[in-house]
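Read off the chains here:
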Amino acid sequence: MPDPILIVALLLAAGLFFLGLSGARIRRRRPLAAARSACAGGGCLTLGGLLIAAGLNLYTYARLTYEQPVATVTFEHRGDGRYLARLAQPGKPTRRYELAGDEWQLDARVLKWRAPANLLGLDAQYRLERLSGRYADVVDETSRPRTAHDLADEPGLDVWTLARRHSSWLPLVDASYGSATYLPMADGARFSVSLTQSGLIARAENRAAREAAADW
């Protein structure tokens with residue numbers, strides 16, 4: 001299976017080689033051959049740079065295989081319809097957020113790739129995007145304070161936006177879509193969140209969470 005890092009390294013090396021060759025041909029007074037080498041070198045360097053930029057962005061996504069645990073969320077009631085949410089993700093420190101409302105919602109982005117990209121080591125990937133509070137009543141939803149917290153960074157080239165707006169430029173992307181799950185908040189409740197090929201799934205993990213979901 002080709003290593004993406006090796007591919008980038010070869011492109012950059014080829015680009016530098018062709019640029020060096022172009023300089024040598026200029027010294028030999030062969031302008032047409034020098035121009036061809038310069039174009040080849042510039043093309044290799046440009047493609048390598050784009051792959052690096054895309055790789056920086058894809059690094060913020062985690063690989064998605066079958067059903068995969070992505071987070072655990074626990075809640076502590078702070079009074080007046082507000083909760084302290086603790087979000088734990090595999091391999092990351094626990095983060096704390098204040099949420100207002102009756103329910104919590106977790107959003108994620110998912111990128112799925114076609115077979116040729118899979119051969120390059122690109123499995124389906126996901127990234128958690130937002131944790132927010134919701135109200136059970138629509139009137140409250142439109143009139144009471146809303147809380148939402150960004151969970152994702154956006155370094156490098158935004159592959160998601162390119163895939164959505166210019167799908168013809170990225171034929172290796174099979175699908176890009178958003179997924180969300182929401183359940184009620186309760187004091188002491190703990191929920192686990194997993195992601196499958198069909199989207200996010202949340203499950204109650206303790207008695208407080210099961211009781212809140214049963215009364216929902």
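Residues numbered from 1 in each chain as written. Predicted model: local features only at pLDDT ≥ 70, side-chain atom pairs only at ≥ 80, totals over all residues. Heavy atoms only, no water.

1. What to know about the packing of aromatic side chains
Link 1 in the chain: Per the stated rule, a full pass over the model turns up 4 aromatic pairs.
Link 2 in the chain: Each ring, one from Phe 75 and one from Trp 104, has its centre 5.9 Å from the other, and the planes form 40°; the classification is tilted. Of this pair, Phe 75 sits in strand E2 (residues 68-79) while Trp 104 sits in strand E5 (residues 103-113), and the two are 29 residues apart along the sequence. Summarising the burial analysis for this pair, Phe 75 and Trp 104 share the class buried.
Link 3 in the chain: Ring centres 5.4 Å apart and planes at 45° place the aromatic pair Trp 104 and Phe 191 in the tilted group. Placement of the pair is Trp 104 in strand E5 and Phe 191 in strand E9 (residues 190-196), with a sequence separation of 87 residues. (Phe/Tyr/Trp six-rings, centres within 6.5 Å; stacked < 30°, edge-to-face > 60°. Helix = DSSP H or I, 4+ residues; strand = E, 2+ residues; numbered from the N terminus. Buried < 20%, exposed > 50% of the residue type's maximum accessible area, 1.4 Å probe, protein only.)

2. Some words on the side chain of Gln 89
Link 1 in the chain: Within the fold, Gln 89 resides in the loop between strand E3 (82-88) and strand E4 (95-100).
Link 2 in the chain: One polar contact links Gln 89 to Arg 95, side chain to side chain, over a distance of 2.4 Å.
Link 3 in the chain: The contacts of Gln 89, once residues within four sequence positions are left out, are Val 70, Ala 71, Arg 95 and Leu 128. (Polar contact = N/O pair within 3.5 Å; in protein donor to acceptor, adjacent residues only side chain to side chain. Contact = heavy atoms within 4.5 Å.)

3. Describing the environment of Arg 207
Link 1 in the chain: On the secondary structure map, Arg 207 appears in helix H6 (residues 207-214).
Link 2 in the chain: You can call Arg 207 exposed: its relative accessible area is 62%.
Link 3 in the chain: For Arg 207 and Arg 190, which are 17 residues apart along the polypeptide, the C-alpha to C-alpha distance reads 8.6 Å.

4. Some thoughts on the environment of Gln 89
Link 1 in the chain: Of the residues examined, Gln 89 reaches a relative accessible area of 12% and is grouped as buried.
Link 2 in the chain: Sequence separation between Gln 89 and Pro 69 is 20 residues, and the spatial gap between their C-alpha atoms is 8.5 Å.

5. A short note on a positive patch on the surface
Link 1 in the chain: Taken together, Arg 27, Arg 28, Arg 30 and Arg 36 make up a surface patch of like positive charges.
Link 2 in the chain: With respect to the secondary-structure elements, Arg 36 resides in helix H2 (residues 31-58).
Link 3 in the chain: With a relative accessible area of 58%, Arg 36 lands in the exposed category. (Patch = residues over 30% accessible without salt bridge, like charges linked within 9 Å, V, L, I, M, F, W, Y side chains within 5 Å. Areas by Shrake-Rupley, 256 points an atom, 1.4 Å probe, with all protein chains shown as cover. Salt bridge = Lys/Arg side-chain N within 4 Å of Asp/Glu carboxyl O. Lys, Arg positive; Asp, Glu negative; His and termini not counted. Charge placed at Lys NZ, Arg CZ, Asp CG, Glu CD.)

6. Describing the nonpolar core
Link 1 in the chain: In this structure, Val 70, Phe 75, Trp 104, Leu 106, Leu 131 and Val 193 are the most contacted members of the largest nonpolar core, which totals 28 residues.
Link 2 in the chain: Put simply, the parts of the chain that give this core at least two residues each are E2, E3, E4, E5, strand E6 (125-134), E9, strand E10 (199-204) and H6.
Link 3 in the chain: When neighbours within four sequence positions are excluded, Phe 75 is seen to be in contact with Tyr 83, Leu 84, Ala 85, Leu 99, Trp 104, Met 185, Ala 186, Asp 187, Gly 188, Ala 189 and Phe 191. (Core = buried A, V, L, I, M, F, W, Y, C linked by side-chain atoms within 4.5 Å.)

7. Concerning the pairing of E2
Residues in a regular strand project their side chains so that they alternate between the two faces of the sheet.
Link 1 in the chain: Pairing analysis gives 6 bridges linking E2 to E9, with the strands arranged antiparallel. Looking across to E9, one finds that Thr 72 is bridged to Ser 192.
Link 2 in the chain: Here E2 hands over to E3 after 2 residues, with Asp 80 in that stretch at a positive phi of 55°. (Pairing = 2+ DSSP bridges.)

8. Details of unusual backbone geometry
Link 1 in the chain: Positive phi, normally seen in glycine, also occurs at Asp 80, with a value near 55°.
Link 2 in the chain: Its location among the elements puts Asp 80 in the loop between E2 and E3.

9. Looking at the environment of Asp 102
Link 1 in the chain: Residue placement: Asp 102 occurs in the loop between E4 and E5.
Link 2 in the chain: Among residues more than four places away in sequence, those in contact with Asp 102 are Arg 134, Tyr 135, Ala 136, Pro 184 and Met 185.
Link 3 in the chain: Only 2.9 Å separates the side chain of Asp 102 from the backbone nitrogen of Ala 136, close enough to count as a polar contact.

10. Considerations on the sheet that holds E3
Link 1 in the chain: Taken in spatial order, the 5 strands of this open sheet run E4-E3-E2-E9-E10, and their pairing is antiparallel. The open sheet has two free edges, formed respectively by E4 and E10, since each of these has just one partner strand. Within the sheet, the average angular offset between the axes of one strand and its neighbour, ignoring direction, is 30°. (Axes fitted to C-alpha atoms, helices over the stretch in contact; angles between N-to-C directions.)

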